[in-house]
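Results of the structural survey
The lines below spell out each chain.
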Amino acid sequence: MRAAKGVWRWRHNPLRRATDLFEAWVALVAALLLVTTAPAVGWAAGTLTDESLRAAVRIQRQQRHPVTATVLEPAPAPKPAPYDPESSAAHQKRRPVIARWTAVDGSRHTGTVSTVLRTTRAGDTFTIWTDRAGRVVSHPLDAATARAHAVLAGIGAALTAAGLITCARRLVVRRLVRLRYARLDEAWAAAGPDWGRTGAGS
């Protein structure tokens, strides 16, 4: 490891300055933190996110129910925003229809919903998700998507921790460099008046 070699190189080097040894130790500590702390932070963040999303999946599964809707007639398509091409593409894939469905509690409902059916003839059926009272809701989060989000959260947390460690090391090294220059200026200012004079040891 480069950081460990740096510490060993500066231990008995006659040209070693205190800041050189300190910088080597900072590099070694940063390397150890990158190897241990960053992955641990990522694992913890991913685990917590996974547990939270799993709980959300369970709650949504309990609160949302698939029901069969029957097409009554096509509904006029809403105009997508001119500045939102993604919204326009989504509207092309989904078709609004006026449909009828029965909720889990037995109540009957009629309203405008969207469907991916290629044809929207009266009598066609498709599945929608509703709450217990029959209000249309979005599809519940599935376990695979929740796991993917948890993995991304863990990776993001690990990268963030690694970035913070690297930035901290760079800040410390920058201060050490400034300290070296300041000490060099002081030494040069002390030796400057006698530089080149006979018997001055220069």
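The structure we're discussing is the one just above.
My aim in this report is to walk through the structure given alongside it, one point at a time.

**Side note on the overall build of the chain**
A tally of regular secondary structure across the chain gives 4 helices and 5 strands. Tracing the chain from N to C terminus, the helices and strands come up as α-α-β-α-β-β-β-β-α. A total of 202 residues make up the chain; the buried ones form 26% of that total. For the chain, contacts bridging at least 24 residues in sequence account for 63% of all contacts bridging at least 6.

**Details of a nonpolar patch on the surface**
Residues Val151, Leu152, Ile155 and Leu159 make up a contiguous nonpolar surface patch of roughly 400 Å² in combined accessible area. Note that valine 151 resides in helix H4 (residues 143-191).

**Examining the pattern of salt bridges**
Under the criterion given, the structure shown has 3 salt bridges. Note that arginine 147 is salt-bridged to aspartate 50, the shortest N-O span being 3.3 Å. Highlighted residues: arginine 147 in helix H4 and aspartate 50 in helix H2 (residues 18-63), separated in sequence by 97 residues. Given a relative accessible area of 41%, arginine 147 falls into the partly exposed group.

**Considering the side chain of aspartate 124**
Of note, aspartate 124 is situated in the loop between strand S3 (108-115) and strand S4 (125-130). Although aspartate 124 is buried, it makes no salt bridge; arginine 121 carries the closest opposite charge, 4.2 Å away. A polar atom in the side chain of aspartate 124 sits 3.0 Å from the backbone nitrogen of arginine 121. Sequence-distant contacts of aspartate 124, defined by excluding residues within four places in its chain, comprise Ala69, Thr70, Val71, Leu117 and Thr119.

Criteria and thresholds
- Residues numbered from 1 in each chain as written.
- Predicted model: local features only at pLDDT ≥ 70, side-chain atom pairs only at ≥ 80, totals over all residues.
- Heavy atoms only, no water.
- Helix = DSSP H or I, 4+ residues; strand = E, 2+ residues; numbered from the N terminus.
- Buried < 20%, exposed > 50% of the residue type's maximum accessible area, 1.4 Å probe, protein only.
- Contact = heavy atoms within 4.5 Å.
- Patch = residues over 30% accessible without salt bridge, like charges linked within 9 Å, V, L, I, M, F, W, Y side chains within 5 Å.
- Areas by Shrake-Rupley, 256 points an atom, 1.4 Å probe, with all protein chains shown as cover.
- Salt bridge = Lys/Arg side-chain N within 4 Å of Asp/Glu carboxyl O.
- Lys, Arg positive; Asp, Glu negative; His and termini not counted.
- Polar contact = N/O pair within 3.5 Å; in protein donor to acceptor, adjacent residues only side chain to side chain.

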